[in-house]
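Fold and geometry: a report
Below are the chains, spelled out letter by letter.
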Number of protein chains: 2
Amino acid sequence: MNEISVEVANICNSVLEEIINYLQESQDMNTKVIELKSAETLREKLDLTLSETGISLAELLPLIKSYLQYSVKTSSPRFLNLLFSGFSVPGILGEMVASASNTTMHTYDVAPVATLIELELIQNLNKLIGFPSGEGLMVTGGSNANLIGMFCARHKFVPEVKYNGLENNQLIAFVSDQAHYSYLKATNLLGIGSKNLIQVKSDRNGCLIPSELESEIIQALHNGKTPFFVGATAGTTVLGAFDNLPSIAQVTQKYGLWLHVDGAWGAPVLFSEKHRNLLAGSELADSFTWDAHKLMGVPLICSAILVKDKGILSQACSGVGTDYLFHDDENSSYNLGEMSLQCGRKVDALKFWLCWKYYGNKGYQARVEQLFEMAKYAVDLLHSQKNLELIIEPKFLNICFRYIPQNSHISAEIINQINLDIRNELIRSGQVFINYASYKDQILIRLILANPEIKKADLDTLFENILIQGKKSEKKYV
Amino acid sequence: MNEISVEVANICNSVLEEIINYLQESQDMNTKVIELKSAETLREKLDLTLSETGISLAELLPLIKSYLQYSVKTSSPRFLNLLFSGFSVPGILGEMVASASNTTMHTYDVAPVATLIELELIQNLNKLIGFPSGEGLMVTGGSNANLIGMFCARHKFVPEVKYNGLENNQLIAFVSDQAHYSYLKATNLLGIGSKNLIQVKSDRNGCLIPSELESEIIQALHNGKTPFFVGATAGTTVLGAFDNLPSIAQVTQKYGLWLHVDGAWGAPVLFSEKHRNLLAGSELADSFTWDAHKLMGVPLICSAILVKDKGILSQACSGVGTDYLFHDDENSSYNLGEMSLQCGRKVDALKFWLCWKYYGNKGYQARVEQLFEMAKYAVDLLHSQKNLELIIEPKFLNICFRYIPQNSHISAEIINQINLDIRNELIRSGQVFINYASYKDQILIRLILANPEIKKADLDTLFENILIQGKKSEKKYV
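Residues numbered from 1 in each chain as written. Chains lettered and ligands numbered in written order. Predicted model: local features only at pLDDT ≥ 70, side-chain atom pairs only at ≥ 80, totals over all residues.

Comments concerning the domain arrangement of chain A
Residues and elements named next belong to chain A.
- Domains assigned within chain A are domain 1 (2-31 + 35-71), domain 2 (104-346) and domain 3 (360-477).
- The distance between the C-alpha centroids of domain 2 and domain 3 comes to 32 Å.
- Among the residues making up the side of domain 2 that touches domain 3, the classes are represented as ten nonpolar, seven polar and three charged. (Domains from an automatic or database assignment. Nonpolar A, V, L, I, M, F, W, Y, C, P; charged D, E, K, R; others polar.)

In structure tokens:
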């Protein structure tokens, strides 16, 4: 380092300047949130090739500039496409420090501070959920946390699988038909099979119907199967629905099943006195998925699996540590690797902790409540526009709606096409990046409010543009 | 951002300065590589608590300083403890940019540049391995890549498991008794069971014995089982052994088994004309684990799973994408999420690509060859010291040795204790962070050469200190 330190400091400073400019620019209404280019076009614009000979540190700068230029501006308040948006300075600082002080979380001796920070985070998350003597771990994403929830349940029901394998699998898991697709991946990976994941009917708000759940459980028992796991959702991906946890827990308790809650999107409502009722009954769960990279604005990936009963995680994973790694010393009870599916594990705790320190519980409460206010504003706007139809009255921050043509003779199929056109045209123009989904044969536009910088004026402009595009598109089909 | 931009720029600059100082300091021979503190002591020194009220950006700085102060200096050439060491400026820059331009890798539309970069990396890794028409994906660690290798094999053998689950598992997997413990976690997770992971005997160099493998396969077939997977290792964790791939492939081909190679530690020898013979036969594998955060010096985590036959990864994972996410558009063939176990996935490709651009193939070749030179130097030193005994002649960068007392009447048990003492005293002093392991009832000290900044003088000092400590400790027991 000695002889290159000036060069190192220079390039680091230049890149930091680029980053600050990038973030600043992305807040500018005139910056395109996306410049969609096909893979072929983009390939021509970038020098992706890896060569025999290296380049200098200074030569990395134009590569980094191109990277930023062609990246989607997810930090913009007009990035409404996914369940995250915006940026967090403490989070970026956390990643900078974590990558420079590069270590792994498997043992306390190589990650003493990060281990204590992670334990503090887990304890605070568990407190919010209502797991006073719970445990948990930061994991590689919400899908991974859902997998681990199901894995813990499988271990509790058939612990012998760890040694013997699944000799005659009769396990059946239940989620709603609105649940995240990661449950399907989990049944595949765990050897349970997707046919043994029952997708229980949801009601018109997208909430799992507890009586339907009970019927499915009874049916499975009748078929000689072993119901073991129910995955409820707090904030579904498309509609933002919160399953009714007390009613579901009544069923899981009656039949002795494991209750997992996927709170990847909705968990942070727990910060708000006003809205935490959406998660009433969270303490009745056995395990819980929490993504801090969604509503809490920490850079991706920042996820945790939380488990009510201490010991299950390490029981499910343990017995496979090896003595070159997990030494028996005074701090060995702090070796988080013993309850992990990973060996080397990145420090995700620091960025999360810095964000939480910065915002405080109250900051997160304000963030959540501000976004609910924006959701209410959006809903009011939608109600006032006869050419825009709200699909369901949202309980959360997913606003699903569609454009309804002025001409009432237009077919359902064409209405879908018009809504697709609107969305695609918004993206093509780079004004706004917003997503669509299909729900009960309807193409709907899904507005996600995750960025605390979104203002009422942004929503005004969004709906105006949607109406303009809708009218334009409608003309094509008449 | 506008009104806080000066504050933001200030804190970012201050943190960057701290980072540069930290890296500079960690290269200093007088800086302790570790200041081991118990969890209780450290808790007292840090303010870990999360509060109702937040703090200012400026107040984050002392927290970051404490974090760096009490972190292990893994960037130091005296961090010899794990399979990574040192630091890489392009890697740190990559993480800074990735966290600021925060996105997820599941679809091309939100990660266009990162997707193309990842594909370029995968293609180059496959070229090195000898998978000309292979596929691959960046994953969450070497353990995860080993899991996915076994998952692909399971899917190839019993594709119906995806839908039906494991109805009557007879699958048997084989690794050497020196293989990584992640295979045990994989058999647990996949429902195969750890009793169905056969740990085949290794020879005195730690290499899997192909004839023993064949005997075990024959035995399993005789028992009515279904052998399906062999996990070979390129660079074992303790001894650095490379399994003989051509001989193992003869067996896997004869019995039609999937051959996975765990190259997490050893794969980068492929950059060196001089040493790539260690991985001769890599093209005979079906899948391959590659960690760029070990020998290639990219910040953690940076791992890839590489698969020889295109299509297996998505076949194993697919059929579960949902239309709110994976839209059918002109770039949909670039949606990497369809072959991933994750949904949201961090951009690990950028840091890796910037490192590779910077070093070039030749830079990595030089890095690998320089470390082999250091290994040779260490071995020569060990041979010249009658009180130090090399456990095996290393083929790679793991130098396993132990202190042998001057007094020849000291028991085997006490010799183990002396070696433990030496290691613990080195850590306590903060001079050097080095690991130990037990191998055939002997405690050995494991020197890992992963940091290209290690000089001959560093090794001279290391062994001198070990001899001094050994003599001191020996006196205690006589």
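Side note on the interface of chain B and chain A
- Of the residues lining the interface, 130 residues belong to chain B; the matching set on chain A comes to 130 residues.
- Ranked by residue count, the leading element in the side of chain B that touches chain A is helix 1 (residues 5-26) of chain B, at 13 residues. (Contact = placed C-beta atoms within 7 Å. Helix = DSSP H or I, 4+ residues; strand = E, 2+ residues; numbered from the N terminus.)

A word on the relation of the copies chain B and chain A
- When chain B is fitted onto chain A, the two copies agree to an RMSD of 0.0 Å after a turn of 180° and an axial shift of 0.0 Å. Both copies are brought into coincidence by an operation consistent with a two-fold rotation axis.
- Mapped onto chain A, 100% of the interface residues of chain B are again interface residues, and the two copies thus contact each other with one and the same surface. (Least-squares fit on C-alpha atoms with pLDDT ≥ 70 in both.)

Topic: the confidence of the model for chain A
- Of the residues in chain A, 98% reach a pLDDT of 70 or more, and the chain-wide mean stands at 95.
- Both scores are given for the predicted complex: the pTM is 0.97, the ipTM 0.97. (pLDDT = per-residue confidence, 0-100.)

Considering the packing of helix 4 (residues 89-100) of chain A against helix 1 of chain B
- Following both chains from N to C, one finds helix 4 of chain A and helix 1 of chain B inclined at 10°, their axes separated by 10 Å at the closest point. By the angle between their axes, helix 4 of chain A is roughly parallel relative to helix 1 of chain B. Residue-level contacts link A:Val89, A:Leu93, A:Met96, A:Val97 and A:Ala100 of helix 4 of chain A to B:Val8, B:Ile11, B:Cys12, B:Val15, B:Ile19, B:Tyr22 and B:Leu23 of helix 1 of chain B.
- Split into classes, the residues belonging to the contact of helix 4 of chain A with helix 1 of chain B amount to twelve nonpolar, no polar and no charged. (Axes fitted to C-alpha atoms, helices over the stretch in contact; angles between N-to-C directions. Parallel < 35°, antiparallel > 145°, perpendicular 65-115°, else oblique.)

Topic: the pairing of strand 12 (residues 442-448) of chain B
All names here are of chain B.
- Most of strand 12 is tucked away, with six of its seven residues classed as buried.
- Pairing geometry for strand 10 (residues 398-403) and strand 12, over four bridges, is antiparallel. The partner of Asn398 across the bridge, within strand 12, is Ile448.
- The pairing of strand 11 (residues 433-439) with strand 12 spans five bridges and is antiparallel. Within strand 12, the position partnered with Asn435 by the bridge is Arg446.
- Two successive antiparallel strands, strand 11 and strand 12, enclose a turn made up of two residues, where Lys440 displays a positive phi of approximately 50°. (Buried ≥ 20, exposed ≤ 12 C-beta atoms within 10 Å, placed from the backbone. Pairing = 2+ DSSP bridges.)

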